Amino acid sequence: MLDSKQINIEKELFSRVAQVDEEAFNTLFHWYVPRLHTIVMKVTKLEGVAKDIIQEVFLYLWMDRESLAEIDVPQNWIFKIAYNRSYSWLARQVSRNQKYSEFKLQNPDEGDDNLENTVFLHETSRLIQEATSQLPEQARKIFQLSRETGLKAAEVADQLNISVQTVRNSLVRSVKFIKEYLTQHGVLLPALLILIIL
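Residues numbered from 1 in each chain as written. Predicted model: local features only at pLDDT ≥ 70, side-chain atom pairs only at ≥ 80, totals over all residues. Heavy atoms only, no water.

1. A look at helix H3 (residues 47-63)
Piece 1. Over its 17 residues, H3 extends 24 Å from the first C-alpha to the last, a length consistent with the 24 Å expected when each residue adds 1.5 Å.
Piece 2. Residues of H3 that are buried: Val49, Ala50, Ile53, Ile54, Gln55, Val57, Phe58, Leu59, Leu61 and Trp62. (Helix = DSSP H or I, 4+ residues; strand = E, 2+ residues; numbered from the N terminus. Expected span 1.5 Å × (residues − 1). Buried < 20%, exposed > 50% of the residue type's maximum accessible area, 1.4 Å probe, protein only.)

2. Quick notes on the environment of Asp3
Piece 1. Mapped onto the elements of the fold, Asp3 is located in the segment before helix H1 (4-18).
Piece 2. You can call Asp3 partly exposed: its relative accessible area is 47%.

3. Focus on the packing of aromatic side chains
Piece 1. A full pass over the atoms with the stated rule returns eight aromatic pairs.
Piece 2. A ring pair is formed by Phe25 and Phe58, whose centres lie 6.0 Å apart and whose planes are at 85 degrees; its orientation type is edge-to-face. Separated by 33 residues along the polypeptide, Phe25 in helix H2 (residues 22-44) and Phe58 in helix H3 bring together distant segments of the chain. Just as Phe25 is buried, Phe58 falls in that class too. (Phe/Tyr/Trp six-rings, centres within 6.5 Å; stacked < 30°, edge-to-face > 60°.)

4. A look at unusual backbone geometry
Most peptide bonds take the trans configuration, and most residues that are not glycine carry a negative phi.
Piece 1. Positive phi outside glycine occurs at Val20, with the angle close to 65 degrees.
Piece 2. Looking at the secondary structure, you find Val20 in the loop between H1 and H2.

5. Focus on the pattern of salt bridges
Piece 1. Within this structure, the stated rule accounts for seven salt bridges.
Piece 2. In this structure, Glu22 engages Lys179 in a salt bridge whose closest nitrogen and oxygen atoms are separated by 2.0 Å. Of the two residues, Glu22 sits in helix H2 while Lys179 sits in helix H9 (residues 164-184), which places them 157 residues apart along the sequence.
Piece 3. Among the residues examined, Lys179 registers a relative accessible area of 25% and is labelled partly exposed.
Piece 4. Through salt bridges with shared partners, a single ionic network connects Glu123, Arg126 and Glu130. (Salt bridge = Lys/Arg side-chain N within 4 Å of Asp/Glu carboxyl O.)

6. Examining the nonpolar core
Where a protein is soluble and globular, its nonpolar side chains tend to be buried together.
Piece 1. One finds Leu36, Phe58, Leu61 and Ile78 to be the most contacted residues of the largest nonpolar core, which totals 51 residues.
Piece 2. With nine residues, the top contributor of residues to this core is H3.
Piece 3. Setting aside anything within four residues of it in sequence, one finds Phe58 in contact with Phe25, Leu28, Phe29, Tyr32, Val33, Leu36 and Leu193. (Core = buried A, V, L, I, M, F, W, Y, C linked by side-chain atoms within 4.5 Å. Contact = heavy atoms within 4.5 Å.)

7. So, the environment of Thr38
Piece 1. Counting through the fold element by element, Thr38 comes out in helix H2.
Piece 2. Each C-alpha atom of the pair Thr38 and Ala50 lies 8.9 Å from the other, and the pair is 12 residues apart in sequence.

8. Details of H9
Piece 1. Across its 21 residues, H9 extends 30 Å between first and last C-alpha, which sits within 8% of the 30 Å expected from 1.5 Å per residue.
Piece 2. For H9, the set of buried residues is Val167, Ser170, Leu171, Ser174, Val175, Ile178, Tyr181 and Leu182. Looking down the long axis of H9, one finds its buried residues gathered within 135 degrees of arc, a one-sided arrangement. The exposed residues of H9 that point more than 90 degrees off its buried face are Val172, Arg173, Lys176 and Gln184.
Piece 3. Trailing H9 by a residue or two, Gly186 shows a phi angle of about 80 degrees, which is positive. (Arc of directions from axis to C-beta.)

9. Things to note about the packing of helix H7 (residues 137-148) against helix H8 (residues 153-160)
Helix-helix packing is described using two parameters, namely the angle between the two axes and the distance between the axes.
Piece 1. Closest axis-to-axis distance for the H7/H8 pair is 10 Å, and the angle between their directions is 135 degrees. Here H7 lies oblique to H8, going by the angle between them. In this structure, H7 crosses over H8, and the sense of that crossing is right-handed. Facing H7, whose interface residues are Lys141, Ile142, Leu145 and Ser146, H8 presents Val156, Gln159 and Leu160.
Piece 2. Looking at side-chain class alone, the contact of H7 with H8 contains four nonpolar, two polar and one charged residues. (Axes fitted to C-alpha atoms, helices over the stretch in contact; angles between N-to-C directions. Parallel < 35°, antiparallel > 145°, perpendicular 65-115°, else oblique. Left-handed = near helix turned anticlockwise from the far one by under 90°. Nonpolar A, V, L, I, M, F, W, Y, C, P; charged D, E, K, R; others polar.)

10. A closer look at the packing of H1 against H2
Piece 1. Axis separation between H1 and H2 bottoms out at 8 Å; the angle between their running directions is 130 degrees. In this view, H1 runs oblique relative to H2, as classed from their interaxial angle. Considering the relative orientation of H1 and H2, their crossing is left-handed. Between H1 and H2, the contacting residues are Gln6, Ile9, Glu10, Leu13, Phe14, Arg16 and Val17 on the first element and Glu23, Ala24, Phe25, Thr27, Leu28, Trp31, Tyr32 and Arg35 on the second.
Piece 2. Among the residues forming the contact of H1 with H2, the class breakdown is nine nonpolar, two polar and four charged.

Encoded structure:
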């Protein structure tokens, strides 16, 4: 049974995200990632795939933010998207084993429905790479080490022989620059998603 107080808190967060509130988006992200990770891993069994699917869920949430204020039970909405994405991924794997048509007969609504999100993700990823290439050399190294290899600030600092605070300051400036670059190209994205989009 869902707690009505929690539902109201999450509905308030959804309303704030609908009004382009990044802080509310970040709160939802940190609340849901551990729970989504558990359910997505049960279906996919692969860490990398689980990470990609969770990224897709939050990208979809952000892209569809204008309709969030109308969602009655945010948790159910988020979990449904995660399940749909997970089973769509599973369907693609089944397809490779020549069983996709049987799966589609049993699940006609699964898969093939997230082309727009995929196109948006690829275009956004391209713009992030474009913006990254315009960063000063040291800032670019820090951003790439942090984002592409998943190193923590202390590890990046150790590798580049600089202070942890220098790394953190550089990342903040880089994300701000990339966010502004995306905005100039018509893509409004929370800083958090900039850091996780591949």
